[in-house]
Amino acid sequence: MDSFVVIGAGQAGGRAVEALRASGFTGRVDLVGAEPHFPYERPPLSKELLADDGAPFELIHDEAWYEERDITLHLGTPVTAINRDTKRITVGESGSLAYDKLLLTTGGAARHLNIEGTKLPGVHYLRTIEDSREISAMLREGGHIVVVGGGFIGLEIAASARQRGCAVTVLEVASRLMGRALPLEIGEVFAVLHRENGADIQLETGIERIEGTAHVERAITSNGSAIEASGVVIGVGIMPETTLAADAGLAVENGIVVDEFCRTSDPAIYAAGDVTNHTNPFVGRRLRLESWQNAQNQAIAAAQNMNGANTPFKEVPWFWSDQFGVNLQMCGAPDVWDNTVARGDLAARDGLLFQRVGEKIVGATGLNRPRDMRFIKRLMTAGKTPTAAQLADEDIGFRDLLK
Ligand SMILES: Cc1cc2nc3c(=O)[nH]c(=O)nc-3n(C[C@H](O)[C@H](O)[C@H](O)COP(=O)(O)OP(=O)(O)OC[C@H]3O[C@@H](n4cnc5c(N)ncnc54)[C@H](O)[C@@H]3O)c2cc1C
């Protein structure tokens, strides 16, 4: 009987063990996770769970679900080594497990800032449910939260904090918000949205240090100003958790390098989720995605391939964010922004912006257009090349462009 082991009990790990059983694998399945919880999804941590401190924390599945499927969980126990010669992993201090095939879904950890004051009570990063609960506890009416980083997570924290009655200052070193993933036009719409809702958005401004005695008291910015703060949340991206893979001699380069079947440089070891550096045929290059969709669907593909499916994983990347009731969705992963077509009214937060290379759509962002985005993803998957005039014309339905 084969034994498959999954390391990392986050979203990808949880979905992978589910897919192993769904694809008919009847051998032994072990899921080993450093966190003490059954797998859960992270998007609510910066949204519902911060905006409303009574919102329930939900797991992907409860304990009984894993028991019914004969999936053995080892929680709160990090894997410390992979021995590829003996095909055994070391769990915690001294435990060990044998594997025939191994899946790495070790995700990422919040990138830490190397500045003075980050160890002070009241300074937080956000990756886990514990982080979210600690941040939630400091979102009190009358507080002043300084958010470092104007990316998706920083801005979601800012929106949630405003909704809880806190004053908010966002410090962003770049000249625009969400600039790593989105075009300038969208960043500008969100700067207006946040300012309308009372957040102080400071662009081209970094954090120099954090000051306080027993607790954070103020943030000193790169232009020398001091902002009184009851809390600081740092959201400056993540670092992929590749140590285990690198120590085992697997190919690692901004993530664990995998092929289109989610296989690492060792054919018995697969990887999926935030930790992978994979080729995306729609984007036309290697990339590492940090998204719910990739965590779920790449993990399912990896599990199916471990069980013999041999199906390449290929999907148009897709991501969403919710801030002050505005639903933002984007698909594709463009790295050029100069050829854009707008549809609808972006300033009114009801529209779409396409990025193209020639006639090819390489990216699209929708503001409060979830239904359109479903069709646009299909257009991009099918490789359709509507003209700029067709994309801009609200009277032409995307369903028609798919025909
Ligand atoms: C606050 C927040 C909000 C988000 N919002 C959105 C959103 O709106 N839309 C969207 O598309 N995406 C969103 N994301 C991103 C999405 O949640 C991630 O892409 C997804 O969680 C990645 O899943 P993963 O399983 O690959 O990695 P992770 O979620 O990082 O899970 C990896 C797990 O592996 C464990 N692990 C690591 N090393 C070891 C080891 N050596 N031994 C055992 N276990 C180990 C970790 O403890 C962790 O539990 C958000 C993320 C965060 C943090």
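Structure shown above.
The structure displayed is predicted, hence computed values, not measured ones. (Residues numbered from 1 in each chain as written. Predicted model: local features only at pLDDT ≥ 70, side-chain atom pairs only at ≥ 80, totals over all residues. Heavy atoms only, no water.)

**Student:** Could you clarify how one ought to interpret the side chain of His278 in this entry?
**Tutor:** Positionally, His278 belongs in strand 20 (residues 276-280). Of the polar contacts made by the side chain of His278, one reaches the side chain of Thr276; its length is 3.1 Å. Ignoring anything within four residues of it in the chain, the contact list for His278 reads Val258, Arg285, Arg286, Leu287, Leu289, Asn294 and Gln298. (Helix = DSSP H or I, 4+ residues; strand = E, 2+ residues; numbered from the N terminus. Polar contact = N/O pair within 3.5 Å; in protein donor to acceptor, adjacent residues only side chain to side chain. Contact = heavy atoms within 4.5 Å.)

**Student:** Is there a simple way to explain the site of the ligand in this structure?
**Tutor:** Near the ligand lie 32 residues; those nearest to it are Glu35, Arg42, Lys47, Arg127 and Asp274. Residue Trp320 places a main-chain N or O atom 3.0 Å away from an oxygen atom belonging to the ligand. Taken by itself the ligand offers 1000 Å² of open surface, and the protein chains cover 94% of this. Where the shell around the ligand is concerned, the elements lending two or more residues are helix 1 (11-22), helix 8 (292-306) and strand 22 (318-323). Partitioned by chemical class, the residues of the shell around the ligand number 15 nonpolar, 11 polar and 6 charged. Shared between two domains, the shell around the ligand takes at least three residues from each, and those domains are domain 1 (3-109 + 238-306) and domain 2 (112-234). (Near = heavy atom within 4 Å. Areas by Shrake-Rupley, 256 points an atom, 1.4 Å probe, with all protein chains shown as cover. Nonpolar A, V, L, I, M, F, W, Y, C, P; charged D, E, K, R; others polar. Domains from an automatic or database assignment.)

**Student:** Could you clarify how one ought to interpret the sheet that holds strand 20 in this entry?
**Tutor:** Two modes of strand pairing occur in sheets, parallel and antiparallel, and in both the strands are linked by backbone hydrogen bonds. Read from one edge of the open sheet, 3 strands run 18-20-21, paired in mixed fashion. Of all the strands in the sheet, just strand 18 (256-257) and strand 21 (285-287) have a single pairing partner and so form its edges. Looking at chain direction, strand 20 and strand 21 are connected through 3 bridges and run antiparallel. Considered in strand 21, the bridge of Thr279 is made with Arg286. (Pairing = 2+ DSSP bridges.)

**Student:** Just to check I follow, could you spell out the packing of aromatic side chains for this structure?
**Tutor:** A ring pair, where both rings are aromatic, is described by two values, the distance of the centres and the angle of the planes. This structure, assessed with the given rule, holds 9 aromatic pairs. When the ring of Phe4 is compared with that of Phe25, the centres are 4.0 Å apart and the planes differ by 5 degrees; the resulting orientation is stacked. Linking Phe4 in strand 1 (residues 3-7) with Phe25 in the loop between helix 1 and strand 2 (28-32), this pair joins segments that are 21 residues apart in sequence. An identical accessibility class is assigned to Phe4 and Phe25; each is buried. Ring geometry for Tyr40 versus Phe57: centroids 5.0 Å apart, planes at 80 degrees, classification edge-to-face. Residue Tyr40 is located in the loop between strand 2 and helix 2 (48-51), and its partner Phe57 is located in the loop between helix 2 and helix 3 (63-68); the two are separated by 17 residues in the primary sequence. Relative accessible area serves as the criterion here: at 25%, Phe57 is assigned to the partly exposed category. (Phe/Tyr/Trp six-rings, centres within 6.5 Å; stacked < 30°, edge-to-face > 60°. Buried < 20%, exposed > 50% of the residue type's maximum accessible area, 1.4 Å probe, protein only.)

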